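Below, each chain spelled out in residue letters.
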Amino acid sequence: MATIGSVTRQIAALELNKKPTSSAGPPLHTKQPSQTNVAKLLSKYAAPLPPLSTQNTLAKPQKSTQKMRAPTTGSSNSNRKAATSSSSPAPEATQPGIDIGNYDGGLEIDNEKRGEKVSGEAATELALDSSSARQYPTRVWTLHDFDMGRPLGKGKFGRVYMVRTKAEPRYILALKTLYKSEIVAGRVEKQIRREIEIQQNLRHPNVLRLYGYFHDEKRIFLMLEFAGKGELYRQLAKYGCFSEKRSARYIDQMADALMYLHSKHVIHRDIKPENLLLGLNGELKIADFGWSVHAPGNRRRTMCGTLDYLPPEMVEGKEHGEKVDLWALGVLTYEFVVGNPPFEVRGHGGVDRTYTRIVKVDLRFPAALSPDVKDVIARLLRHEPQDRLPLSKVLQHPWIVKYRPKDCLRGRQVYE
Ligand code: AMP
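Given the structure is predicted, the values throughout are model-derived calculations rather than measurements.

Peer 1: Sorry if this is basic, but what is going on with the side chain of Lys218 here?
Peer 2: Relative to the helices and strands, Lys218 resides in the loop between strand E4 (210-215) and strand E5 (219-225). Here Arg114 takes part through its backbone oxygen, which lies 3.3 Å from a polar atom of the side chain of Lys218. When neighbours within four sequence positions are excluded, Lys218 is seen to be in contact with Asn111, Glu112, Arg114, Gly115, Glu116, Lys117, Leu178, Tyr179, Lys180 and Ser181.

Put into structure tokens, the structure is as follows:
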């Protein structure tokens with residue numbers, strides 16, 4: 001069986017991130033595996049680890065990256081982003097001759113209508129190109145390097161498409177657009193730049209990879225790992241809640257990914273089902289490192305949105321650190337097994353009452369839950385950040401260990 005090390009070396013050999021010897025010649029790669037292998041490797045194992053010397057050098061993101069959900073009125077799951085076509089899985093991506101679907105011309109249409117060219121300091125700030133990145137420069141990419149496929153969804157700053165690189169070994173990726181003028185309108189140029197640079201340096205099987213980025217006059221393009229099974233919250237909306245086994249396996253992957261992020265001094269601060277994607281094998285991928293956080297008007301919505309995943313220290317406006325992610329992990333565990341977040345109060349005055357319940361840690365469990373899952377949740381949802389169960393202990397908790405597959409290589413679990 002292939003070890004992570006050998007797979008890592010195989011992916012390294014794919015040379016996605018290497019500059020070609022000359023702009024006219026083919027990209028440098030020592031090996032050209034089949035599309036089957038590329039898709040499997042991309043989805044299962046993400047990418048090679050950075051050299052040890054650079055693993056702990058990522059900057060801390062700014063503290064203002066929290067995002068809240070839009071207020072919920074009906075069922076908490078059904079009111080999330082409208083369920084459109086974008087979550088359809090792509091099992092064919094593991095077959096040779098992967099079909100990336102039909103392009104609808106949306107990027108050109110959007111480009112005609114949407115956004116202005118930016119100039120001056122903002123233009124310099126947003127001239128983002130991974131080929132000139134300090135840590136891991138990639139080859140030079142442009143829109144012409146991709147065959148465009150089906151739309152995967154629409155984000156706050158632009159559309160996301162399934163694409164394939166024209167150059168061998170023909171990677172399948174998700175290409176995400178961000179309109180520069182909208183970033184400027186939100187005054188978030190610096191944050192966007194920083195977040196892109198941070199995500200490009202993250203390599204973990206349960207953290208969505210950002211392989212590269214480039215820009216044109218109006219847009220920034222992000223070359224993201226393709227999450228073949230789409231958004232996790234759609235699954236939650238479909239099933240209402242998850243079995244304890246499925247939940248435990250997701251939380252296992254989450255805890256591992258968060259431990260990795262924290263080791264790099266990256267605090268996510270916005271863990272919730274909407275920000276989690278699923279790979280082709282159903283493995284969890286933490287996505288969204290904040291660009292949608294900075295959407296214009298987000299702060300105001302924050303004031304009237306639900307507080308569901310916010311810890312007491314953030315609700316109370318106190319200093320906060322990486323332990324906010326432990327609280328969110330507790331909320332996520334509860335939402336997975338119960339179907340709604342623990343402190344949610346709907347209807348008139350719901351925001352204030354949710355606030356009070358969070359600060360008091362007013363936690364109530366439905367009777368049907370196992371003692372083990374209640375124990376994990378209760379140990380994560382502690383008012384004092386230092387009292388929360390550390391991630392290393394989450395990974396050793398009986399509820400997690402009980403459901404972990406015997407031959408577990410994290411990120412490979414199959415759920416459907
Ligand atoms: P976002 O701007 O991140 O909210 O993305 C908009 C939509 O595009 C999401 O709701 C997903 O359905 C889809 N999407 C975004 N990124 C990916 C990805 N890496 N793989 C598959 N689908 C994605």
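Peer 1: Please explain unusual backbone geometry as it appears in this structure.
Peer 2: Among all residues save glycine, negative phi is the norm, and among peptide bonds the norm is trans. Cis geometry marks the peptide bond from Glu168 to Pro169; its omega dihedral reads 5 degrees. The residue Pro169 is located in the loop between strand E2 (159-165) and strand E3 (172-179) in this model. In this structure, Arg187 takes a positive phi of about 55 degrees despite not being glycine. Of note, Arg187 is situated in the loop between helix H5 (180-185) and helix H6 (189-200). The exposure class of Arg187 is exposed, given its relative accessible area of 70%. Positive phi values are uncommon outside glycine, yet Val361 reaches one of about 50 degrees. Along the chain, the position of Val361 falls in the loop between helix H12 (350-360) and helix H13 (371-380).

Peer 1: In this structure, what is going on with the site of the ligand? I would like to understand it.
Peer 2: Close contacts around the ligand come from 16 residues, with Gly155, Lys176, Glu225, Ala227 and Glu231 the closest. Leu152 places a polar main-chain atom, nitrogen or oxygen, 3.4 Å from an oxygen atom of the ligand. Ala227 places a polar main-chain atom, nitrogen or oxygen, 2.9 Å from a nitrogen atom of the ligand. Compared with its free state, where it exposes 470 Å², the ligand has 91% of that area covered by protein. Breaking the shell around the ligand down by element, the ones donating at least two residues are strand E1 (146-154), E3 and E5. Looking at the shell around the ligand, the element that brings in the most residues is E1, giving 3 residues.

Conventions and cut-offs
- Residues numbered from 1 in each chain as written.
- Predicted model: local features only at pLDDT ≥ 70, side-chain atom pairs only at ≥ 80, totals over all residues.
- Heavy atoms only, no water.
- Helix = DSSP H or I, 4+ residues; strand = E, 2+ residues; numbered from the N terminus.
- Polar contact = N/O pair within 3.5 Å; in protein donor to acceptor, adjacent residues only side chain to side chain.
- Contact = heavy atoms within 4.5 Å.
- Buried < 20%, exposed > 50% of the residue type's maximum accessible area, 1.4 Å probe, protein only.
- Near = heavy atom within 4 Å.
- Areas by Shrake-Rupley, 256 points an atom, 1.4 Å probe, with all protein chains shown as cover.

By themselves, these figures tell us nothing about what the structure is for.
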